[in-house]
Structures are given as structure tokens and as C-alpha cells.
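Observations on chain architecture
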Amino acid sequence: MKAHAYSADSSSSEEMESFYKTGFQFTSTEDIEQYFNHLSEITDRVAMINSDYQTDLEAAVSDLESFFPDSDALHQLYEMDEAFVPAFLSHMSFHREIIADIIEQARQLLVEERRKYLRRLVSYHKSFVKDFTVLERKFQSR
């Protein structure tokens, strides 16, 4: 399973594409776990920014940038069943902190040829935090 951190998993990508088409409708905790397992795989590849190992950071960062739902899909998340909200928010909070840790470490190491990926990661994180904060407030106000 750890191999996913270093290479794309097409079956997992196909599952997520299918999941995106359903409009992020979580019908079970397993759906949430599947969603965040895939996000963790992507995040593991992005974390390679802080490693000496060769990896396709372009693909990893691109996957991360395209993973979080657009505004239309985000609107559908507001309608999520109340039972799934705590697990979803917990996973999202964890993701926010993991990305912040990756960025902090990358800034300390500052590998020059990976600087452009660090910039993109910082931009992703700012956008993610902004969108997640709106989502979190919306869920808390229900």
C-alpha cells in the first residue's frame, strides 16, 4: 500500500473520478474514509518535496490542487448528512495541518529546484484554508 506514495494508482484515481461525479455525496463513513485515503496518498507524494528521493512533484502537486472540490461541489457538501459532518471536518482539519507541516519543513530545507512546487503548495494551502474555513462555519451554523 505504501507504493501509492511514490506512484499514481490508476484504479484509485478512477474510483475518485467516479466519486467526484456523484457530487461528493457521502452515504457512509466508508465513503469519507475512501475520500481521505486517496487524499492521504496524494499528500504522501507531495511530502516528497522534503526528500532527496526523485519523484514527480509536478503530478503530485497538480493532483493535490485538483483534489478539493470546486465551488459547485463544495455547495453540495453543505447538504451532507449531519452524521458525517464530524468525521469529515476532522479529516479536513488534519489535512490542513499536514500540509502546513510539509510547507514548514520545505521552507527550512529550501531545496532551490523545488521552490516552484513550494510556492504552489503555499498557494494551495491558502486557498484550502479559506474554503475550509467557510465550509466549517457553514456546518457549525446548522
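Right above here is the structure, for reference.
Note that the structure is predicted; figures quoted are calculated from it, not measured.

A closer look at the overall build of the protein
Looking only at helices and strands, one finds six helices and zero strands in the protein. For the protein, the sequential pattern of α-helices and β-strands runs α-α-α-α-α-α. Expressed as a percentage of its 142 residues, the buried residues of the protein come to 42%. Long-range contacts, defined here as pairs at least 24 residues apart, represent 74% of the contacts in the protein between residues at least 6 apart. Here the protein has roughly 8,300 Å² of accessible surface; of this, 49% comes from carbon and sulfur atoms.

Regarding the pattern of salt bridges
A full pass over the atoms with the stated rule returns five salt bridges. With its nearest N and O atoms 3.1 Å apart, the salt bridge here joins arginine 96 to glutamate 97. Of the charged contacts, one joins arginine 115 and glutamate 112 as a salt bridge, the two residues approaching to 3.0 Å between their closest N and O atoms. A single salt-bridge network, built from bridges that share partners, covers Glu58, Glu65 and Arg120.

Thoughts on unusual backbone geometry
In the Ramachandran plot, leucine 110 falls in the positive-phi region, its phi being about 40 degrees despite a non-glycine side chain. Classification of leucine 110 as partly exposed rests on a relative accessible area of 39%.

Describing the packing of aromatic side chains
Tallied over the entire structure, the rule returns seven aromatic pairs. Their ring planes at 85 degrees and their centres at 4.9 Å tell us that tyrosine 35 and phenylalanine 36 sit as a pair that is edge-to-face. Each member of the pair, tyrosine 35 together with phenylalanine 36, is buried. Centroid distance tyrosine 35 to phenylalanine 88: 6.3 Å. Interplanar angle 35 degrees. Geometry classified as tilted. Residue tyrosine 35 is located in helix H2 (residues 29-46), and its partner phenylalanine 88 is located in helix H5 (residues 85-109); the two are separated by 53 residues in the primary sequence. Exposure class is identical for tyrosine 35 and phenylalanine 88. Each is buried. Among the aromatic residues, ring-to-ring pairing joins Tyr35, Phe36, Phe67, Phe88 and Phe139 into one connected group.

The rules behind each value
Sequence order as written defines the numbering, with residues in each chain counted from 1. In keeping with the model being predicted, local features are shown solely for residues with a pLDDT of at least 70 and side-chain atom pairs are shown and tallied solely at 80 or more, while totals for entire chains, interfaces and linings include all residues. Neither water nor hydrogens contribute to the side-chain values; these are computed over all heavy atoms in the structure. Helix and strand definitions here come from DSSP, where helices need a minimum of 4 consecutive H or I residues and strands a minimum of 2 consecutive E residues; each element is numbered from the N-terminal end. The buried label goes to any residue with under 20% of its type's maximum accessible area, the exposed label to any with over 50%, and the partly exposed label to all in between, with areas taken from a 1.4 Å probe on protein chains only. In what follows, residue pairs with any heavy atoms lying within 4.5 Å of each other are defined as contacts. The method behind every accessible area is Shrake-Rupley, applied with a 1.4 Å probe, and residues are considered shielded solely by the protein chains displayed. For this document, the term salt bridge refers to a Lys or Arg side-chain nitrogen within 4 Å of an Asp or Glu carboxyl oxygen. The pairing test for Phe, Tyr and Trp rings, Trp by its six-membered ring, is centres within 6.5 Å, and the orientation test on the planes gives stacked under 30 degrees, edge-to-face over 60, and tilted for anything in between.

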